[in-house]
Amino acid sequence: MKSRLPAFLNLRRIEGRIVALFLALLLLVQLASLAFTRQTIQANAERAIDAKLATAGRMMQRLLVQQVTRERAAAELLAADWGFREALGRGHLEQQDRDTIRDALANNGERVGAALVAYLDLDGRLVTATRPDVEGLLGTLGRSSEGELPALVPLNGQLLQLVAVPVKAPTLMGHVLMGFALDDTPLQDLKRLVNVDAMFLSAEPGRPWTELVSLLDPREREQIGAVLNAQEPGVSVLRSWGDQRWQVRLMSLPLLATPAATQTRAAVAMWASVDEEMAPYRQLQLSLLALTLAGLAAFAVGSIFTARRISRPITALAQSAKRLGRGDYETPISAPSTLGEVSELAGAFEAMRHDIRDREAQVHRLAFWDPLTGLPNRGQFGPRLAERLAQAQERPCAVLMLDLDRFKHVNDVMGHAFGDRLLRSVAARLQALQFGSGFLLARLGGDEFAMLLDQADEAGALDLARRIHQDFETPLRIDDQTVDLGASLGVALAPEHGREAGTLLSRAELAMYAAKRRQSGSMVYHSALDAGSQEALSLLGELRRAIEQDELRLYLQPKVDLRSGQIHSAEALLRWQHPQRGLVPPLQFIPFAEQTGFIRQLTAWVIEASARKAREAHAQGLPLRISVNLSTRDLLDQELPAKIAEQLARQEATPAMLCLEITESAIMDDPQRALNTLTTLSGMGFRLSIDDFGTGYSSLAYLKHLPVNELKIDQSFVMAMERNDADAKIVRSTIELAHNLGLDVVAEGVETLAHWRLLAALGCNEGQGYGIGRPMPAADFLPWLARWQAPALDATDTANKTAAA
C-alpha cells in the first residue's frame, strides 16, 4: 500500500505549501545574509592584504637602501686600505702593480661578498677589475636612479647594486667600483618582518619574467611563474595556484641601462595568502551557519503550527462542499475556526448552500416547464409520452403538433414582447378548451405546441383539431391590436404510427409541416409523407458526396462598368455536375440545401473556389473581384467571419478580392445578428452588397445602419424599364437613393444595349445580364475576359432614353 506523506510535507496540500513558502523565504534571506557576510569578509581580507603588500613594498625599499649602505661601507673600507693606496701612489703603474691592485680588489671583494670590484683612474678609465665584462658598466658611473631605490645594473643574468667611492692618498687618485648581486637576504627579512613572500624577477624585451632570487622550492616556482607572466607591475591581482588564493603585486625596480641591456626590466613580486587572511573569520561563518540552521528548525515548527490552523478549517469546509456536491443541501455549514477569513468563507458556503438549493429547484422547473407560458416543455412532454406508451402499449392515444401561422411575421413587425404575450394568450386559449383528464399540453419551443390525447383514435384527434381551428377563428386582442390566429396541426396515432415517443413526435411534426405546405389546416400522418422524407435524405447524401467527389462546378457571370465598358468583377454561381442526372440546375438543390442547413457547406465551397480563381486572376494582372451570395443561415452563423478568413488564408487571397451579397429577407430574419455579422465582415475589408433590392420588405428602416457598399436592383425592374414608366422611375429612384447614401448600384437583367445605355445615363455603376455575358465555367472566364470588347453606345439614343425615364 502506498504510504501517504504528512500534510506539511505534501506540496499539493495548502499546509505543505505554506510550510515550504515560509521556509523558502527564511532560507533565501539567510543564504543572502551568509553570502553578503562572506563577500564582506573577503573584501575586507583583500583590502587588508592589499595594504599589507603596499607596506611590504615600502619595507623592501628600505631593506634595499640598508643593503646599499652596508655595501658602500665595505667599498669605503677598501678605499682606505694603506697598502692599496700605496700601490696607487707610485704614479705610473706597472703590470706588477696592476696585478697587486687586482689581487687587493679580489681579496676585499671576496671578504665583503662583492660580485664585481674595479678600479678607475681620475679620467674614469678602467685600470683593473676582478671580472673581464666591466667595460660595459663604465657608462653608468655618475648616473643614479630616480626615486628612493638604489640603482641596479643587469649583468650576465644578475642584478648588481653598484657602489663607487673615491680613493684619496691624500689627494683624489681614482674610484673603486663595487657591484653586489641581489641575494635572498632582503626576501628573508621581508618574510620575517611582514610575513610576505617575495621574488626578484627580470625580463628581456618580449620575453616573460625570469626568476632571479626567491625562497621557493622548484614546484612552487613553476606554479607562480605561470601566474606572474600575465602580471603587470603596480597592480594587485587575485590569483590562484596550488590549493589557495593569493593576492599578488609587482613592484618595478629601477635599472641603469647598459649597452648590453638597454630595455631589460626588473621587479620584485610579493604575494600573501587570502585564505590565511580569512581563516580567523571562519569560526564566525560557522556560527552564523549554525544560527541559520537553528532558525530554520524553529521557523519550520512555527510554520507547521500556523499552516495547520489554516488548513484544518479549510479541510472541514471541503467536506461540506463534497456534501453539497452529493446533493445534500439540508445540512447546515458552521464556522470551523475563529479566524475571521475562514469564518467569512464558511458563511459564504452557507449562503451558497441556500442559493444552490433555491437554484436547483428553479433549474428543475426550467428543465421541465416553459417559463413563458407555464406549460410543460419538451423535456417533460417526451418522458411523459414515453411513460404513457410503456404503461399501456395497446391502448390508443394521439399526439398533435401545432405550429402557428404567420407568427414570425407578427413577431418581427410587432416586436418580441408582443410575440411573447401572443404565445401566452394562445396557451391560455388551448388550456381553456378542456379536452379531458388524459390531456397533456406542452410548448416545445418557438410557436410550436404539442398535445397528448389519451384513449383517442383518429376521429377523436381530428375532432380536437377541428375545435382548435374553430376557436382560432376568433381573433386575439392584445392591447389595441387585433391578431388573426391560424395554425397547422399534424396528428400521429399510437400504436398505428409508432410505439416510441420520438417516433410519434417526429411523425406528428412531419404531418404538421405537410399541412402547412398544403395549407390544409390539419393532417394525419401517412406513409406517403415518409417517402418524401426518404427522398430528401437521399438528396442530402448525394450533396455530401458531391463535395467529397468534386462534382460541384463554379460558374462566373461578368459584371461590366457601364461607363467605361471594362470588366473588373463577376458573380459566382454554383452548378452540380451529377454523374447520372448531368448538370443539375441550382433551383433543384439550393432551396433544399437552405431548408436542411447544408447551404453552409455549399457556401464554404463557393467562397474557397472563388478566392482561388480571384487570386489566379490577380496573378495574371487582372484585378478581378468575385461576388458570392450568402444565405440566411450563413448570415446568422456567428463564426462565419472566422471561417471565411481561414479559407482566404489557405488560398493566399485578400478580402478585397470578394464581394459578399445578402438578400433583404436574410437581413430581416434576425436584423441584430445580421448587423453584427455584417459589421465584422466589413471591418475585415470585405465589400458588401444587398441582392435583389426592392423585392423585400421593411429593409429601408435598416438600410442606413448596414455597413454595405452597393445595392443590386432586381432584374424584374430592369427588364421592364423600357416599356414600363413605373419600373423606370423605380430604377432611377433606387439609383438616386443609393448614391445619396454613398452606395454603388449594380443592375441585374441587362439583356440589351438599350438597357445598358439607359442605366449608364441614370448613373448606374455596373450591370449584369445575358446582354453582357452568360454564366460560364470558371476555367473559361479568364480567356473570355481577355477577348472582351465593350460594344459601342449611341450617345443620342442614350439621351433620348434618359429624357423618357
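Everything in this summary refers to the structure shown in the same document. Note that this is a predicted model, so its numbers are computed, not measured.

**Brief notes about the packing of helix α16 (residues 599–619) against helix α25 (residues 778–787)**
Consideration 1: Packing of α16 against α25 leaves a shortest axis separation of 11 Å and a crossing angle of 25 degrees. On the basis of their axis angle, the class for α16 and α25 is roughly parallel. Of the two elements, α16 crosses α25, and the hand of that crossing is right-handed. Contacts between α16 and α25 involve K613, E616 and A617 from the first element and A778, A779 and L782 from the second.
Consideration 2: For the contact of α16 with α25, the residue count by class is 4 nonpolar, no polar and 2 charged.

**Thoughts on the packing of helix α9 (residues 378–391) against helix α13 (residues 501–518)**
Consideration 1: At their nearest, the axes of α9 and α13 sit 9 Å apart, and the two run at 115 degrees to each other. Together, F381, G382, L385, A386 and L389 of α9 and A501, L504 and L505 of α13 make up the contact between the two elements.

**Notes on the sheet that holds strand β17 (residues 522–524)**
Strands in a sheet are paired, the pairing made by backbone hydrogen bonds, and the direction either parallel or antiparallel.
Consideration 1: With mixed pairing, 5 strands are arranged side by side in an open sheet as β12-β13-β11-β16-β17. Lying at the two open borders of the sheet, with one neighbouring strand each, are β12 (439–445) and β17. Strand after strand, the sheet turns through a mean of 20 degrees between neighbouring axes, direction not considered.

**Brief notes about unusual backbone geometry**
Consideration 1: Residue P495 follows A494 across a cis peptide bond; omega there is 5 degrees.
Consideration 2: Although it is not a glycine, Q455 sits at a positive phi angle of roughly 55 degrees.
Consideration 3: Counting through the fold element by element, Q455 comes out in the loop between β13 (448–454) and α12 (458–472).
Consideration 4: Not every positive phi belongs to a glycine, and D550 is a case in point at roughly 55 degrees.

**Regarding the sheet that holds strand β1 (residues 116–120)**
Consideration 1: Judged by pairing direction, the sheet is antiparallel, and its 5 strands sit side by side in the order β2-β1-β5-β4-β3 without closing on themselves. Looking at the sheet topology across the chains shown, the edges are occupied by β2 (126–129) and β3 (152–155). Neighbour-to-neighbour, the strand axes of the sheet open up by a mean angle of 30 degrees, direction not taken into account.
Consideration 2: Pairing geometry for β3 and strand β4 (residues 158–168), over 4 bridges, is antiparallel.

**As for α13**
Consideration 1: The end-to-end C-alpha separation of α13 is 26 Å, in line with the 26 Å expected for 18 residues at 1.5 Å each.
Consideration 2: Among the residues of α13, A501, L504, L505, A508, A511, M512, A514 and A515 are the ones counted as buried.
Consideration 3: Count one or two residues on from α13 and you reach Q519, which has phi positive near 55 degrees.

Analysis parameters
- Within every chain, residues take consecutive numbers counted from 1 along the sequence as written.
- Local features in this predicted model are restricted to residues whose pLDDT is 70 or higher, and side-chain atom pairs enter the listing and the counts only when it is 80 or higher, whereas totals over whole chains, interfaces and linings include all residues.
- As a convention, hydrogens and water are excluded, and side-chain values are obtained from all of the structure's heavy atoms.
- Note on method: axes are straight lines fitted to C-alpha atoms, helices fitted across the in-contact stretch only, with angles between N-to-C directions ranging 0 to 180 degrees.
- Put simply, DSSP H or I for four residues or longer makes a helix, DSSP E for two residues or longer makes a strand, and each gets a number counted from the N terminus.
- For this classification, under 35 degrees means roughly parallel, over 145 means roughly antiparallel, 65 to 115 means roughly perpendicular, and everything else is oblique.
- Here a crossing is called left-handed whenever its near helix is offset anticlockwise from the far helix by less than a right angle, and right-handed whenever the offset is clockwise.
- Throughout, a contact is declared for two residues whenever any of their heavy atoms are within 4.5 Å.
- Side-chain classes follow a simple rule in which Ala, Val, Leu, Ile, Met, Phe, Trp, Tyr, Cys and Pro form the nonpolar group, Asp, Glu, Lys and Arg form the charged group, and the remainder, Gly included, forms the polar group.
- Pairing between strands requires that DSSP locate at least two bridges from one strand to the other.
- Expected span, for any helix, means 1.5 Å times one less than how many residues it has.
- Whether a residue is buried, partly exposed or exposed follows from its accessible area with a 1.4 Å probe, protein chains only, as a fraction of its type maximum: under 20%, in between, or over 50%, in that order.

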